[in-house]
Amino acid sequence: MATFRVLLPSPLPADEAWRRVLDLRAHDRLIPLTRVTRGMVPPDELGPGSRFVARTGVGLVGFDDAMVLDEVTPPTGAEPGTARIRKEGKVIRGSIELVVMTRASGSVVDWRQEIRVLGVPRALGWLVAGASRAAYGMALRRLLAHD
């Protein structure tokens, strides 16, 4: 299992950064080669047990990334928002811990992920972590920047 972390400051207030990161409708529009095929709801409708699937690929070549939201607590005032997401697809497994914290200049998004890709040897975990960090970092930046 590979692990990585993306830590992004944002000028947005924590509640807005939270909303943007968890807006599955925006994921569908903003993340290249990925479409939410099941469970696409606004962030305020996500709760423990929510299931969603993102299909990544081109045409018939791709895979489903099935996820379950295990815990979710939106940010309130100075209290950070936290979410735990379990990845249980056939190709991608692992977990995500999301924390969105208030800062004087906006907020900070802290995305920590454990990821296992079917067929990729453990010895290549560094490659999976690096590629995943870059891809998720780009996706999170896009989500935070959109209106």
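Residues numbered from 1 in each chain as written. Predicted model: local features only at pLDDT ≥ 70, side-chain atom pairs only at ≥ 80, totals over all residues. Heavy atoms only, no water.

### Points about the overall build of the protein chain
And then number 1: Within the protein chain, the secondary structure is distributed over 3 helices and 7 strands.
And then number 2: Along the protein chain, helices and strands appear, N-terminal first, in the series β-α-α-β-β-β-β-β-β-α.
And then number 3: What you see for the protein chain is a C-alpha radius of gyration of 15 Å, in line with the 15 Å of a compact globule of 147 residues.
And then number 4: Judged by the C-alpha coordinates and their principal axes, the protein chain covers about 45 × 30 × 25 Å.
And then number 5: By residue count, 46% of the 147 residues in the protein chain fall in the buried class.
And then number 6: Of the roughly 8100 Å² of accessible surface on the protein chain, 58% is carried by carbon and sulfur atoms.
And then number 7: Each charge class in the protein chain was averaged separately, 21 positive and 16 negative side chains, and the resulting centres sit 7 Å apart. (Helix = DSSP H or I, 4+ residues; strand = E, 2+ residues; numbered from the N terminus. Rg over C-alpha atoms; globule rule 2.2 N^0.38 Å. Buried < 20%, exposed > 50% of the residue type's maximum accessible area, 1.4 Å probe, protein only. Areas by Shrake-Rupley, 256 points an atom, 1.4 Å probe, with all protein chains shown as cover. Lys, Arg positive; Asp, Glu negative; His and termini not counted. Charge placed at Lys NZ, Arg CZ, Asp CG, Glu CD.)

### Brief notes about the nonpolar core
And then number 1: Counting 33 residues, the largest nonpolar core has Leu-98 and Trp-111 as the members making the most contacts within it.
And then number 2: Looking at this core, the elements with two or more residues in it are β1 (2–10), α1 (14–21), β3 (51–58), β4 (61–73), β5 (81–88), β6 (92–103), β7 (106–117) and α3 (125–145).
And then number 3: Examining the composition of this core, we find that 5 residues originate from one element, α3, more than from any other.
And then number 4: Dropping the residues within four chain positions of it, Trp-111 is found in contact with Phe-4, Arg-5, Val-6, Val-21, Ile-96, Glu-97, Leu-98, Tyr-136 and Leu-140. (Core = buried A, V, L, I, M, F, W, Y, C linked by side-chain atoms within 4.5 Å. Contact = heavy atoms within 4.5 Å.)

### Considerations on the pairing of β3
And then number 1: Alignment of strand β2 (residues 34–38) against β3, held across 4 bridges, turns out to be antiparallel. Opposite Thr-34, over in β3, you have Thr-56 as the bridge partner.
And then number 2: By the bridge criterion, 8 bridges tie β3 to β4 in an arrangement that is antiparallel. The residue of β4 that forms the bridge with Val-58 is Val-61.
And then number 3: Between β3 and β4, which pair antiparallel and follow one another directly, the connecting turn spans 2 residues, one of which, Gly-59, has a positive phi of 60 degrees. (Pairing = 2+ DSSP bridges.)

### Considering α3
And then number 1: An ideal rise of 1.5 Å per residue puts 30 Å on 21 residues; α3 measures up with 30 Å between its terminal C-alpha atoms.
And then number 2: Of all the residues in α3, the buried ones are Gly-125, Val-128, Ala-129, Ser-132, Tyr-136, Gly-137, Ala-139, Leu-140, Leu-143 and Leu-144.
And then number 3: Elements that come into contact with the buried residues of α3 comprise β1, α1, α2 (24–30), β4, β5 and β7. (Expected span 1.5 Å × (residues − 1).)

### With respect to the sheet that holds β1
Sheet strands line up and pair through hydrogen bonds in the backbone, either parallel or antiparallel.
And then number 1: Pairing is antiparallel across the open sheet formed by 7 strands, whose spatial order is β1-β7-β6-β5-β4-β3-β2. Across the chains shown, the open sheet's two edge strands, defined by having one partner strand only, are β1 and β2. Going across the sheet, the axis of each strand differs from the next one's by a mean of 25 degrees, ignoring polarity.
And then number 2: Each of β1, β4, β5 and β7 is contacted by α3, which is oriented at about 25 degrees to β1, the strand it contacts most. (Axes fitted to C-alpha atoms, helices over the stretch in contact; angles between N-to-C directions.)

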